[in-house]
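Fold and geometry: a report
One-letter residues, chain by chain:
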Amino acid sequence: MSEWNSSGDWNGPTQRRAGSEPAPQAPEAGSGAVDSRVLEKLVGALTAEQRRSRRWGIFFKLLTFAYLIALLFLFRAPLTGGIDSGKASAHTAVVEVTGAIASDTHASADNLVGALRRAFEAENSRAVVLRINSPGGSPVQAGYVYDEIVRLRDAYPDKKVYAVISDIGASGAYYIAAAADEIYANRASLVGSIGVVSGGFGFTGLMDKAGVERRLYTAGENKAFLDPFSPEQPQEVAFWESVLENTHDQFIDYVRKGRGDRLAEDERLFSGLVWTGEQAVGLGLVDGLGSTSWVARELVGAEEIVDYTPQPSPFRQFTDALGVSIVSALRTEMVGSRYDLR
């Protein structure tokens, strides 16, 4: 290699000593190494997130499984048998008739008939009280209960049956009450409504405005009887009214059998009207004013009261209470007030 001397003269080519070349520098940390470390951290984070997701997935699957098991328990054992009557001393047996009377409610014929049988069969029950707070319901379900009360009264002539109406005992509920030996109510209770009702809606005008055409195909001239999407037919209305009249006549007949000559001669009795308990005494619909405890103490002579009504399972009670609380809160927030006699 050529180089210049210190005086600026050219010395010609020279040979540099071995080892005198500059030492190679170490390469700086490149972007590839950084990317590798970032990728490792990202993969680690994704792996941890997947593990958390799996754990939460397992948790929610177990929660769903527990929920399904609880529902299975609810539907397989919706009601418990009530009290152990064998441990009770002399007492007045009570069977609650609460809410709508229908096949899928607590006041169904199956539930009420089973409770009545246990109440009559209990060795230490001195009488049976039907504690009623119901606006009515199915005439079929009410008829089943009525017939069973009559049968049990004949089978156990020493045990009287009392009906006590609290807030309301109307329609099908009064149908059941009429089977009792005596009926009592509060002076402000609502009693009566001895009638039959059937209702619905007709949508033909709305369909015409919306340009909707009804297409209905049947085999049998009355298969589309009272179809709400078709115009009313006078002959169908007349036939249905005859069915309602026949059911009403059955209702009246059962009330007359139960109440006998205690009923007043008043044409309004079977018109579907309701009266207060105080008014109902004068009409013969009830025998007097009194509560369940009054009947047990003053008439039966066994002040201890034992409830034979089938009770919902603890889980059903919890869900019902939760549902009622939610609905009540929503109603309070949305409506803000309600109409009550205070």
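Refer to the structure presented above.
These notes cover the structure that comes with them. (Residues numbered from 1 in each chain as written. Predicted model: local features only at pLDDT ≥ 70, side-chain atom pairs only at ≥ 80, totals over all residues. Heavy atoms only, no water.)

We now examine the pattern of salt bridges. For the coordinates displayed, the defined rule picks out 13 salt bridges. Note that Arg-297 is salt-bridged to Glu-298, the shortest N-O span being 3.1 Å. Given the relative accessible area of 37%, Arg-297 is considered partly exposed. (Salt bridge = Lys/Arg side-chain N within 4 Å of Asp/Glu carboxyl O. Buried < 20%, exposed > 50% of the residue type's maximum accessible area, 1.4 Å probe, protein only.)

This part is about the environment of Ala-170. Inspection of the secondary structure assignment puts Ala-170 in strand 6 (residues 160-170). In contact with Ala-170, not counting residues within four places along its chain, are Ser-134, Pro-135, Gly-136, Leu-190, Gly-192, Ser-193 and Val-274. (Helix = DSSP H or I, 4+ residues; strand = E, 2+ residues; numbered from the N terminus. Contact = heavy atoms within 4.5 Å.)

Moving on: the packing of aromatic side chains. For the coordinates displayed, the defined rule picks out 11 aromatic pairs. Here the aromatic rings of Trp-56 and Phe-59 are separated by 5.7 Å at their centres, their planes lie at 85°, and the arrangement is edge-to-face. With Trp-56 and Phe-59 both in helix 1 (residues 31-76) and 3 residues apart, the pair spans about one turn of that helix. Grouping aromatic residues by their ring pairs yields a cluster made of Tyr-146, Tyr-175, Phe-251 and Tyr-254. (Phe/Tyr/Trp six-rings, centres within 6.5 Å; stacked < 30°, edge-to-face > 60°.)

Most of strand 4 (residues 91-98) is tucked away, with 7 of its 8 residues classed as buried. Here strand 4 pairs with strand 5 (residues 125-134) via 8 bridges, running parallel. The partner of Ala-93 across the bridge, within strand 5, is Val-128. The parallel pair strand 4 and strand 5 is bridged by helix 2 (residues 109-121), and the resulting crossover is right-handed. The sheet contact formed by strand 4 and strand 11 (residues 305-307) spans 3 bridges and is parallel. Following the sheet pairing, Ala-93 is matched in strand 11 by Val-306. (Pairing = 2+ DSSP bridges. Right-handed = clockwise from strand over helix to strand, strands pointing away.)

This paragraph deals with the packing of helix 2 against helix 3 (residues 139-155). The interhelical angle for the contact between helix 2 and helix 3, taken along N-to-C directions, is 15°, at an axis separation of 9 Å. Here helix 2 lies roughly parallel to helix 3, going by the angle between them. Considering only the axes of helix 2 and helix 3, their crossing is right-handed. Of the residues in helix 3, those in contact with Ala-109, Leu-112, Val-113, Leu-116, Arg-117 and Phe-120 of helix 2 are Gln-141, Tyr-144, Val-145, Glu-148, Ile-149, Arg-151 and Leu-152. A class-by-class count of the residues in the contact of helix 2 with helix 3 yields 9 nonpolar, 1 polar and 3 charged. (Axes fitted to C-alpha atoms, helices over the stretch in contact; angles between N-to-C directions. Parallel < 35°, antiparallel > 145°, perpendicular 65-115°, else oblique. Left-handed = near helix turned anticlockwise from the far one by under 90°. Nonpolar A, V, L, I, M, F, W, Y, C, P; charged D, E, K, R; others polar.)

Our focus in this paragraph is a nonpolar patch on the surface. On the surface, Leu-39, Leu-42, Val-43 and Leu-46 cluster together into a nonpolar patch covering about 370 Å² of accessible area. Take Leu-46: it is sitting in helix 1. Relative accessible area serves as the criterion here: at 47%, Leu-46 is assigned to the partly exposed category. (Patch = residues over 30% accessible without salt bridge, like charges linked within 9 Å, V, L, I, M, F, W, Y side chains within 5 Å. Areas by Shrake-Rupley, 256 points an atom, 1.4 Å probe, with all protein chains shown as cover.)

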